[in-house]
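Topology and contacts: notes
If you want the building blocks of each chain, they are given just below.
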Amino acid sequence: MKIAIVCPASFPATQFGGIVFLAVDLAREISELGHDVTIYTTDLDFSNGPNNFNKKLARKEKIEKFKINRTHVWFSYKLFFINTSMSKQIENDKPDIIHTIGLRSFQSIIAWRISKKLNIPLVVSDQGGLTTHPFLQDSNLFLRILYKIQNSFIKKILKHASVASAANEYEKEIFQNLNETTKIEIIRNGVNLKTLVSNQDFKNKYKISSKFILFVGRFSRSKGIDTLIRAFDLLINYEKVSGLTLVIMGVDFGYEKIMEETIQKSQLSKKIIIIKNPPREDVISAYGESEFLILPSNWELSPLVPLESFAFKRPVISTNTHGIPFTVKHNENGILVESENPQQLAEAIKKIFLDEDLRNKLGNSGYVFVHEECNCVSMAKNSLKLYEQVLENNDNK
């Protein structure tokens, strides 16, 4: 089977987030099963920020058994990257099926147009929060107009698509609200367990002498970092956790300056370590050496970061909002609190830090969850089965 995976970013822009890893893991695992898989994407680099496009990146690259085909972005606004030349490349390659990830992207519009033009079956996934992301409500007038234009394309894409692949029941409901006739299959997101192996001494590299708790993610208001800082401030004078360090790792998405000012005003600069643009290997080693992960987001669809933490038997404290409870399950593999509630978050941190048995129980449960269900091998096999069903139905029309 010749498969086109279309997405707004891929290697080396790992800081872009979950879409990159999902696309690459799908491509890697399905190509290992003998299929011809190409990722069609942009030349986003991320080495100097979230809108850095690098013409020096290889236009075509083979990694293991799959290929990445990059085209240059000549205009971008926020996370909307325009690379029109991608269209001709997909048309020339004539894949059997197209799977586009990230429905608010320009790349999904290209995938939809080619699917219609050449009568190629289209599978769609999102990962971006089609209607529920807080940025959609909190943006300026121009962005709100842009989102409305995107919405009209999204509805057309969903109407045309052979099937939508949803990460959980929460996302399935979002798809249904946009187009009730769309066929929807739930395929859980998964992480690559083979790559989640720590090969370095994280604490030694960053000169951390105490136990630490970890945040990994974009420096963005929606990630709830302000709530985390306030919660940590509430804990700092509690003797039994006073020696604890908070490590915040990620990439700036417009909130870094405010985050740093908040830490300084709270006089927490000696207790909170910020690691900007961390190498992937540092993130992986941080999971393994942390006590546990905190994801205090105001919004998430189907986050991958908790799954990566589970791979190291580290439990997760997160919020009971949007799609998070389908990944982090309260008192099973983590603890859930209300979003934007620093007092609850502080109590959860104290509880899990002081109770080693609870920490181990939750971490072990998360480990089983990611090994049995939420790994990239299962995700790829389920996706491939979906592709085969779509192609069979298309042949029978």
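The structure displayed is predicted, hence computed values, not measured ones. (Residues numbered from 1 in each chain as written. Predicted model: local features only at pLDDT ≥ 70, side-chain atom pairs only at ≥ 80, totals over all residues. Heavy atoms only, no water.)

Further remarks concern the overall build of the chain. Assigned secondary structure in the chain consists of 14 helices and 16 strands. Relative to the globule expectation of 21 Å for 397 residues, the C-alpha radius of gyration of the chain, 21 Å, shows essentially globular dimensions. Its C-alpha atoms give the chain principal-axis dimensions of about 70 × 45 × 40 Å. Partitioning the intrachain contacts of the chain with sequence separation of at least 6 by distance along the chain shows that 70% fall at a separation of at least 24. Accessible surface, the chain as shown: approximately 17300 Å² in total, 47% of it carbon and sulfur. The chain carries 51 positive and 44 negative side-chain charges, and their two centres are separated by 5 Å. (Helix = DSSP H or I, 4+ residues; strand = E, 2+ residues; numbered from the N terminus. Rg over C-alpha atoms; globule rule 2.2 N^0.38 Å. Contact = heavy atoms within 4.5 Å. Areas by Shrake-Rupley, 256 points an atom, 1.4 Å probe, with all protein chains shown as cover. Lys, Arg positive; Asp, Glu negative; His and termini not counted. Charge placed at Lys NZ, Arg CZ, Asp CG, Glu CD.)

Here we take up the pattern of salt bridges. Considering all chains together, one arrives at 16 salt bridges under this definition. In this structure, Glu 91 engages Lys 117 in a salt bridge whose closest nitrogen and oxygen atoms are separated by 3.0 Å. Remark: Lys 117 occurs in helix H3 (residues 106-118) and Glu 91 occurs in helix H2 (residues 86-93); sequence separation between them is 26 residues. In the salt-bridge network here, residues are joined through shared partners; they are Asp 25, Arg 28 and Glu 64. (Salt bridge = Lys/Arg side-chain N within 4 Å of Asp/Glu carboxyl O.)

Pairing is mixed in the open sheet, where 8 strands are placed in the order S3-S4-S2-S1-S7-S8-S9-S10. Each having just a single partner strand, strand S3 (60-63) and strand S10 (184-186) make up the two edges of the open sheet. In this sheet, adjacent strand axes meet at a mean angle of 25 degrees when their direction is disregarded. In this sheet, strand S4 (residues 66-71) lies alongside S3 in antiparallel orientation, the contact comprising 4 bridges. Across the sheet, residue Ile 63 finds its bridge partner in S4, namely Phe 66. Where helix H1 (residues 18-32) meets the sheet, its contacts fall on strand S1 (2-6), strand S2 (36-42), S4 and strand S7 (97-101), and the angle it forms with S2 comes to roughly 160 degrees. (Pairing = 2+ DSSP bridges. Axes fitted to C-alpha atoms, helices over the stretch in contact; angles between N-to-C directions.)

With that settled, consider the nonpolar core. Among the nonpolar cores identified, the biggest contains 68 residues, and Ile 5, Ile 39, Leu 214 and Met 249 are the most heavily contacted of them. When residues of this core are assigned to their parent elements, the largest contribution, 9 residues, is made by H1. Apart from residues no more than four positions distant in its own chain, Leu 214 is found in contact with Val 247, Met 249, Ala 286, Tyr 287, Ser 290, Phe 292, Leu 293 and Ile 294. (Core = buried A, V, L, I, M, F, W, Y, C linked by side-chain atoms within 4.5 Å. Buried < 20%, exposed > 50% of the residue type's maximum accessible area, 1.4 Å probe, protein only.)

Across 5 bridges, the pairing between strand S12 (residues 245-250) and strand S13 (residues 272-276) is parallel. Residue pairing for S13: Gly 250 is matched across the bridge by Lys 276. The β-α-β motif built from S12, the intervening helix H9 (residues 256-265) and the parallel element S13 has right-handed crossover chirality. (Right-handed = clockwise from strand over helix to strand, strands pointing away.)

Moving on: the packing of helix H12 (residues 342-354) against helix H13 (residues 356-372). At their nearest, the axes of H12 and H13 sit 5 Å apart, and the two run at 95 degrees to each other. By the criterion of interaxial angle, the relationship of H12 to H13 is roughly perpendicular. Contact with H12, carried on its side by Lys 351, Ile 352, Phe 353 and Leu 354, involves Glu 356, Leu 358, Arg 359 and Leu 362 of H13 and no other residues of that element. Residue classes in the contact of H12 with H13 are distributed as 5 nonpolar, no polar and 3 charged. (Parallel < 35°, antiparallel > 145°, perpendicular 65-115°, else oblique. Nonpolar A, V, L, I, M, F, W, Y, C, P; charged D, E, K, R; others polar.)

Right, let's get into unusual backbone geometry. Following Phe 11, the chain continues into Pro 12 via a peptide bond in cis, with omega recorded as 10 degrees. Within the secondary structure layout, Pro 12 lies in the loop between S1 and H1. With a phi close to 60 degrees, Asn 331 is a non-glycine residue in the positive phi region. Among the secondary structure elements, Asn 331 is positioned in the loop between strand S15 (316-319) and strand S16 (334-337).

Turning our eyes to something else, we now look at the packing of aromatic side chains. If you walk through the whole model with that rule in mind, you get 9 aromatic pairs. Ring geometry for Phe 53 against Phe 81: centres 5.0 Å apart, planes inclined by 75 degrees, an arrangement best described as edge-to-face. Separated by 28 residues along the polypeptide, Phe 53 in the loop between S2 and S3 and Phe 81 in strand S6 (residues 80-82) bring together distant segments of the chain. Given a relative accessible area of 16%, Phe 53 falls into the buried group. The exposure class of Phe 81 is buried, given its relative accessible area of 0%. Each ring, one from Phe 80 and one from Phe 106, has its centre 6.0 Å from the other, and the planes form 85 degrees; the classification is edge-to-face. Placement of the pair is Phe 80 in strand S6 and Phe 106 in helix H3, with a sequence separation of 26 residues. For Phe 106, a relative accessible area of 14% gives the class buried. The rings of Phe 16, Phe 53 and Phe 81 are connected pair by pair, giving a single aromatic cluster. (Phe/Tyr/Trp six-rings, centres within 6.5 Å; stacked < 30°, edge-to-face > 60°.)

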